[in-house]
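Descriptive structure summary
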Amino acid sequence: MNFKTPALIAALTLTASASFASGDENNLLDNYLDAQAHAQAISEQLETMGVESNPNVEFNSPATLSQKLDAYENKIDSLQSKFDAHTSSATLAN
């Protein structure tokens with residue numbers, strides 16, 4: 001076996017691993033951006049219904065992309081709860 005072959009295999013393996021990691025990071029970024037857009041959409045809907053809301057999440061310290069995604073998912077849940085409460089109270093009023 002040639003001594004260059006193991007080095008070449010190792011280099012190709014590292015390149016493939018880096019490619020997959022980059023793909024995961026892009027997927028996480030896409031999910032984060034989707035969560036931001038979802039929070040914005042719910043907030044805008046609430047505003048049209050006369051309910052004040054803020055779709056933004058403030059970070060007091062540096063956060064990873066995963067932590068930011070979690071925070072926006074929590075924000076979406078909060079906004080969705082506001083929306084549900086408002087629509088159910090409007091239904092009861094009718």
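What counts as what
- Residues numbered from 1 in each chain as written.
- Predicted model: local features only at pLDDT ≥ 70, side-chain atom pairs only at ≥ 80, totals over all residues.
- Heavy atoms only, no water.
- Helix = DSSP H or I, 4+ residues; strand = E, 2+ residues; numbered from the N terminus.
- Buried < 20%, exposed > 50% of the residue type's maximum accessible area, 1.4 Å probe, protein only.
- Contact = heavy atoms within 4.5 Å.
- Areas by Shrake-Rupley, 256 points an atom, 1.4 Å probe, with all protein chains shown as cover.
- Polar contact = N/O pair within 3.5 Å; in protein donor to acceptor, adjacent residues only side chain to side chain.
- Core = buried A, V, L, I, M, F, W, Y, C linked by side-chain atoms within 4.5 Å.
- pLDDT = per-residue confidence, 0-100.
- Phe/Tyr/Trp six-rings, centres within 6.5 Å; stacked < 30°, edge-to-face > 60°.
- Lys NZ or Arg CZ within 6 Å of the ring centre and 35° of its normal.

**Quick notes on the overall build of the protein chain**
If you tally the helices and strands in the protein chain, you get two helices and zero strands. Every one of the 94 residues in the protein chain was classed for burial, and the buried ones make up 16%. Sequence separation of 24 or more characterises 67% of the internal contacts of the protein chain that already satisfy a separation of 6 or more. Split by element, the accessible area of the protein chain, about 6,900 Å² in all, is 55% carbon and sulfur.

**A short note on the side chain of Ser 43**
Considering the arrangement of structural elements, one finds Ser 43 in helix 1 (residues 4–48). The class for Ser 43 is buried, based on a relative accessible area of 3%. Within the local environment of Ser 43, its side chain forms a polar contact with the side chain of Ser 53, the two groups lying 2.7 Å apart.

**Points about the nonpolar core**
Core analysis: the biggest nonpolar cluster contains 12 residues, these being Tyr 32, Ala 35, Ala 39, Ile 42, Leu 46, Val 51, Val 57, Leu 65, Leu 69, Tyr 72, Ile 76 and Leu 79. Contributions of two or more residues to this core are made by helix 1 and helix 2 (65–93). Leave out the neighbours within four places in its chain, and Leu 65 touches Glu 25, Leu 28, Leu 29 and Tyr 32.

**Description of the confidence of the model for the protein chain**
On average, residues of the protein chain score 82 in pLDDT, and 71% of them reach the 70 mark or higher. Here residues 1–5 scores under 50 on pLDDT; set against residues more than four positions off or in separate chains, the count is one contact. Within the model, pLDDT remains below 50 along residues 10–21, and this stretch shows zero contacts once partners closer than five positions in the same chain are excluded.

**A look at the side chain of Ser 53**
Positionally, Ser 53 belongs in the loop between helix 1 and helix 2. Residue contacts for Ser 53: discarding those within four places in its chain leaves Ser 43, Leu 46, Glu 47, Leu 79 and Lys 82.

**Side note on the packing of aromatic side chains**
Inspection of every chain in the model, using the stated rule, returns one aromatic pair. Their ring planes at 80° and their centres at 5.7 Å tell us that Tyr 32 and Tyr 72 sit as a pair that is edge-to-face. Pair noted here: Tyr 32 is in helix 1 and Tyr 72 is in helix 2, with a separation of 40 residues, a long-range link. Residue class for Tyr 32 comes out buried when judged on its relative accessible area of 12%. Above the ring of Phe 59, the side-chain terminus of Lys 68 is found at 5.8 Å from the ring centroid.

**Some thoughts on the environment of Ser 66**
Positionally, Ser 66 belongs in helix 2. The class of Ser 66 is partly exposed, set by a relative accessible area of 36%. Separated by 38 residues in the primary sequence, Ser 66 and Leu 28 have C-alpha atoms spaced 7.1 Å apart.

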